[in-house]
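Survey of secondary and tertiary structure
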Amino acid sequence: HRSLFVQKLEPDLMEFARVRRRYGANTGAGTAIAPVTALPTTTSSWILYNPTANNRVLVPLRAYCWGVSGTLGLGMALLLGLPNDVVATAPTAYTSSVNKALMPKSQGTSAIFGQGTTITAPVWNVMEARTQPNAADVGSGLVTDIGGMYLVEPGYGLAGAVLAPVGTTALFGFGFIWAELDLTMGA
């Protein structure tokens, strides 16, 4: 078959950590929000935004959500979408969120973790889904490895949402892990 066999020695994502280009953001101590009950259109629940002044491309590696309070409804899905147009109005940082490098001595990030941003309607992709019991289940959530599926150029943002029944005042937190790289994008 003339295949090339390679033995992988380094753990996944180690190189991003070694070059100090791995970052994370989540709702932190910010107010959690209710899930969407239908596919969103032009408003992101959360967004990982790459400012137009940034010279780097954001490479999302992971997205995750978790139940913060209330009784979660039966079932949940984590949605992601990358609009085809730049974000018209840059979001501001989500109040009380956390957004920083995951490795000490890293250069700071200019990426913004925002909420409720108006976007052009993307293709919303179900990245992870499961049957979630209808219960008070704080900490229950979903994690998805994105693996290079999206690249967020300056001016764009990766939008995320939790699709689930409202339950009894169910509220969710959300987060992203990404790398920032100097990439040349095709035309």
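Whatever comes next refers back to the structure up there.
These remarks concern the structure in this document. (Residues numbered from 1 in each chain as written. Predicted model: local features only at pLDDT ≥ 70, side-chain atom pairs only at ≥ 80, totals over all residues. Heavy atoms only, no water.)

**Here's the deal with the nonpolar core**
- Of all hydrophobic cores here, the largest spans 28 residues; its most connected members are Trp46, Leu78, Leu80, Phe174, Phe176 and Trp178.
- Of all the secondary structure elements, the ones that give two or more residues to this core are β1 (22–26), β2 (46–49), β3 (57–71), β4 (76–81), β9 (157–163) and β10 (168–181).
- Ranked by residues supplied to this core, first place goes to β10 with five residues.
- Those residues in contact with Phe176 that lie beyond four places of it in its chain are Tyr23, Gly24, Ala25, Ile47, Leu48, Arg62, Ala63, Tyr64, Leu80, Phe113, Leu158 and Gly160. (Core = buried A, V, L, I, M, F, W, Y, C linked by side-chain atoms within 4.5 Å. Buried < 20%, exposed > 50% of the residue type's maximum accessible area, 1.4 Å probe, protein only. Helix = DSSP H or I, 4+ residues; strand = E, 2+ residues; numbered from the N terminus. Contact = heavy atoms within 4.5 Å.)

**Overview of the packing of aromatic side chains**
- Under the defined criterion, the tally for this structure stands at six aromatic pairs.
- Ring geometry for Phe113 and Phe176: centres 6.3 Å apart, planes at 70°, overall edge-to-face. Of this pair, Phe113 sits in strand β6 (residues 112–115) while Phe176 sits in strand β10, and the two are 63 residues apart along the sequence. The burial state of Phe113 is the same as that of Phe176; both residues are buried.
- Ring centres of Phe174 and Phe176 lie 5.3 Å apart, and the angle between their planes is 65°; on these two criteria the pair is classed as edge-to-face.
- Taking the relative accessible area as the measure of exposure, Phe174 reaches 0% and is therefore buried.
- By relative accessible area, which is 0% here, Phe176 ends up buried.
- Pairwise contacts between aromatic rings join Trp46, Tyr94, Phe113, Phe174 and Phe176 into one cluster. (Phe/Tyr/Trp six-rings, centres within 6.5 Å; stacked < 30°, edge-to-face > 60°.)

**Here we look at the pattern of salt bridges**
- If you walk through the whole model with that rule in mind, you get five salt bridges.
- Of the charged contacts in the structure, one is a salt bridge between Glu180 and Arg56, with a shortest N-O distance of 3.9 Å. Of the two residues, Glu180 sits in strand β10 while Arg56 sits in the loop between β2 and β3, which places them 124 residues apart along the sequence.
- With its nearest N and O atoms 3.8 Å apart, the salt bridge here joins Arg56 to Asp182. Of this pair, Arg56 sits in the loop between β2 and β3 while Asp182 sits in the segment after β10, placing them 126 residues apart in sequence.
- With relative accessibility at 9%, the residue Arg56 sits in the buried group.
- Judged by relative accessible area, which is 53%, Asp182 ranks as exposed. (Salt bridge = Lys/Arg side-chain N within 4 Å of Asp/Glu carboxyl O.)

**Overview of the sheet that holds β10**
- The strand order across the open sheet formed by five strands is β5-β1-β10-β3-β8, and the pairing between neighbours is antiparallel. Of all the strands in the sheet, the pair left with one neighbour each is β5 (98–101) and β8 (141–145). The mean inter-strand angle of the sheet, taken between neighbouring strand axes irrespective of direction, is 10°.
- Sheet analysis places β1 next to β5, joined by four bridges and oriented antiparallel. Note on β5: the bridge partner recorded for Tyr23 is Ala101. (Pairing = 2+ DSSP bridges. Axes fitted to C-alpha atoms, helices over the stretch in contact; angles between N-to-C directions.)

**Topic: the sheet that holds β4**
- One open sheet accounts for five strands, arranged β6-β2-β9-β4-β7; its pairing is antiparallel. Whereas interior strands pair on both sides, the edge strands pair on one side only; in this sheet they are β6 and β7 (125–130). Averaged over all pairs of adjacent strands, the angle between strand axes in this sheet comes to 20°, irrespective of strand direction.
- In the sheet, β4 pairs with β7 via five bridges, with the strands oriented antiparallel.

**Considerations on the environment of Ala159**
- In this fold, Ala159 is placed in strand β9.
- Look at Ala159 and you get buried, because its relative accessible area is 0%.
- Spatially, the C-alpha atoms of Ala159 and Trp124 are 8.7 Å apart, while their sequence positions differ by 35 residues.
- Look past the residues within four positions of Ala159 in its chain and what remains in contact with it is Ser44, Trp46, Ile47, Leu79, Leu80, Gly81, Ile119 and Trp124.

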